[in-house]
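Results of the structural survey
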Amino acid sequence: QVQLVESGGGLVQTGGSLRLSCAASGRTFSTYTLGWFRQAPGKEREFVAAISSSAINTYYANSVKGRFTISRDNAKNTVYLQMNSLKPEDTAVYYCAAAAHSDYGLLITGAMNYWGKGTLVTVSS
């Protein structure tokens, strides 16, 4: 069982930066693929980024590539999402998730084993 708690959301102006954190419980944190997803008002949840258990592989949605960076610290059971050059269209609730598999095709569909409750990011224009 893995419990995930996100933090770091808030209000930021266009062009600003935020770093989201997701703290996890559970002894097997380092074996999970971790991901960030987001859901904007009135829209479906979408994939943002993912990182493999060893942190060797990272994946990004085209809409955030070059602006967002996912990282993890297995010693701290934490995954991060550094968000730079934020745009109003980045406004959403951001969710952290963990998967016992590493299939990228499944990851981007949201096939994750555990989810956090989300943290709200609002980017003002």
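This report concerns the structure included in the present document. (Residues numbered from 1 in each chain as written. Predicted model: local features only at pLDDT ≥ 70, side-chain atom pairs only at ≥ 80, totals over all residues. Heavy atoms only, no water.)

Let us now look at the environment of L18. Within the fold, L18 resides in strand β3 (residues 18-24). Note: C-alpha distance between L18 and V93 (75 residues apart in sequence) is 13 Å. (Helix = DSSP H or I, 4+ residues; strand = E, 2+ residues; numbered from the N terminus.)

Ranked by size, the top nonpolar core spans 38 residues in total, and within it W36, L81, M83 and Y94 carry the most contacts. Elements represented by at least two residues in this core include exactly β3, β4 (33-39), β5 (46-51), β7 (68-73), β8 (78-83), β9 (92-99) and β11 (119-124). With 6 residues, the top contributor of residues to this core is β9. (Core = buried A, V, L, I, M, F, W, Y, C linked by side-chain atoms within 4.5 Å. Buried < 20%, exposed > 50% of the residue type's maximum accessible area, 1.4 Å probe, protein only.)

Along the chain, K117 turns up in the loop between β10 (114-115) and β11. Separated by 67 residues in sequence, K117 and A50 have C-alpha atoms that sit 17 Å apart. The residues touching K117, leaving out its near neighbours within four places in the chain, are L4, E6 and Y95. (Contact = heavy atoms within 4.5 Å.)

Our focus in this paragraph is unusual backbone geometry. For A55, which is not a glycine, the phi torsion comes out positive at approximately 70°. Within the fold, A55 resides in the loop between β5 and β6 (58-60). For A55, a relative accessible area of 35% puts it in the partly exposed group. Positive phi is not limited to glycine here, since S85 has a value of about 50°. Along the chain, S85 turns up in the loop between β8 and β9. Here S85 falls in the partly exposed class, since its relative accessible area comes to 41%.

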